[in-house]
Amino acid sequence: MGYKYRRRLGTKSSSHGRLFLLDRDRTPVDMTKVHPHATAAEEPPRPESPRFGEGRAAAEATVLTVWRKSLLFNGNGFTVFDSKGHLVFRVDNYSSGSSDSIVLMDAAGKPLLTIRRKKLSLGDHWRIYDGEEAVNPRFAVKKKHSKGLARVTPCASGTKSRLAYDAEGSYSRRCCAIYDSRRRQLAEIQKKESAQGISLGLDVFRLVVEPELDAAFAMAMVILLEQMFGSRGSLLRG
């Protein structure tokens, strides 16, 4: 199902170009309350980024606004804006039906990464795949039960097998960060406030991604932290 069709199901725009999300009872929710510059552009600019986890050339950190709400009125997921209010990522899992995967998409509905729980494993063990692939996972993610939140290691052998990431802090308080094996902070989850200084709660927060880390990979980690530590239940159904 393409982006425009999904978008017609779950959003509408006013004559002034403001973007609304239709809640479960079809009540419009003004998305400018989450990001003041959110617009209803059909094809917002998309940032260029390489394959996830491989870094990118940029001069400064990328600041994203993450909303724990799907664009679909009957969906369960995330909506993510860049600093200019453009939609950049989305997760739209249906609330009903069964699913064994979580797909991170770009603004146009193109699958970027797929997250699947590892079968026949004890505890929280996950795999991250390119696109919608179901074989050859790129990264393995494991929930930590002592210091830290989660550990990420590459599945491929070779020189990159030494690369690893750790998520530490408190996701439930939206105060945590992702570090590489050299203890460099590459991404941070922060609480977000409105322009009037009012806290937007736990469902709206800021994701700051440093130039060395791909934003899609960082968002995949947000999804996994929500699965492991979120208070609203799993994005998976069935």
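Structural data are supplied above this passage.
A short tour of the structure in this document, coming up.

The rules behind each value
- Residues numbered from 1 in each chain as written.
- Predicted model: local features only at pLDDT ≥ 70, side-chain atom pairs only at ≥ 80, totals over all residues.
- Heavy atoms only, no water.
- Helix = DSSP H or I, 4+ residues; strand = E, 2+ residues; numbered from the N terminus.
- Buried < 20%, exposed > 50% of the residue type's maximum accessible area, 1.4 Å probe, protein only.
- Polar contact = N/O pair within 3.5 Å; in protein donor to acceptor, adjacent residues only side chain to side chain.
- Core = buried A, V, L, I, M, F, W, Y, C linked by side-chain atoms within 4.5 Å.
- Contact = heavy atoms within 4.5 Å.
- Pairing = 2+ DSSP bridges.
- Axes fitted to C-alpha atoms, helices over the stretch in contact; angles between N-to-C directions.

Digging into the side chain of Asn93
Argument step 1. Here Asn93 is to be found in strand S6 (residues 87-94).
Argument step 2. When its relative accessible area of 9% is taken as the criterion, Asn93 is described as buried.
Argument step 3. A polar atom in the side chain of Asn93 sits 3.3 Å from the backbone oxygen of Ser101.
Argument step 4. Within the structure, Asn93 has its side chain in polar contact with the backbone oxygen of Leu235 (distance 3.2 Å).

Observations regarding the nonpolar core
Argument step 1. One finds Phe78, Phe89, Ile128, Leu207, Met219 and Ile223 to be the most contacted residues of the largest nonpolar core, which totals 44 residues.
Argument step 2. Looking at this core element by element, the count peaks at twelve residues for helix H2 (residues 215-229).
Argument step 3. For Phe89, the contacting residues outside a window of four places in its chain are Leu64, Phe78, Thr79, Val80, Leu104, Met105, Asp106, Leu112, Ala215, Ala216 and Met219.

Observations concerning the sheet that holds strand S14 (residues 185-191)
Argument step 1. Read once around its circumference, the closed barrel built from twelve strands follows the order S4-S5-S6-S7-S8-S9-S10-S11-S12-S13-S14-S15, with strand pairing classed as antiparallel. Across the sheet, the axes of successive neighbouring strands diverge by a mean angle of 20°, strand direction being ignored.
Argument step 2. Judged from the five bridges that link them, strand S10 (residues 139-143) and strand S11 (residues 150-154) form a sheet pairing that is antiparallel. Across the sheet, the residue bridging to Lys142 is Arg151, located in S11.
Argument step 3. Strands strand S4 (62-67), strand S5 (75-81), S6, strand S7 (101-106), strand S8 (111-117), strand S9 (125-130), S10, S11, strand S12 (165-170), strand S13 (175-180), S14 and strand S15 (204-209) of the sheet are contacted by H2, whose axis makes an angle of about 30° with S8.

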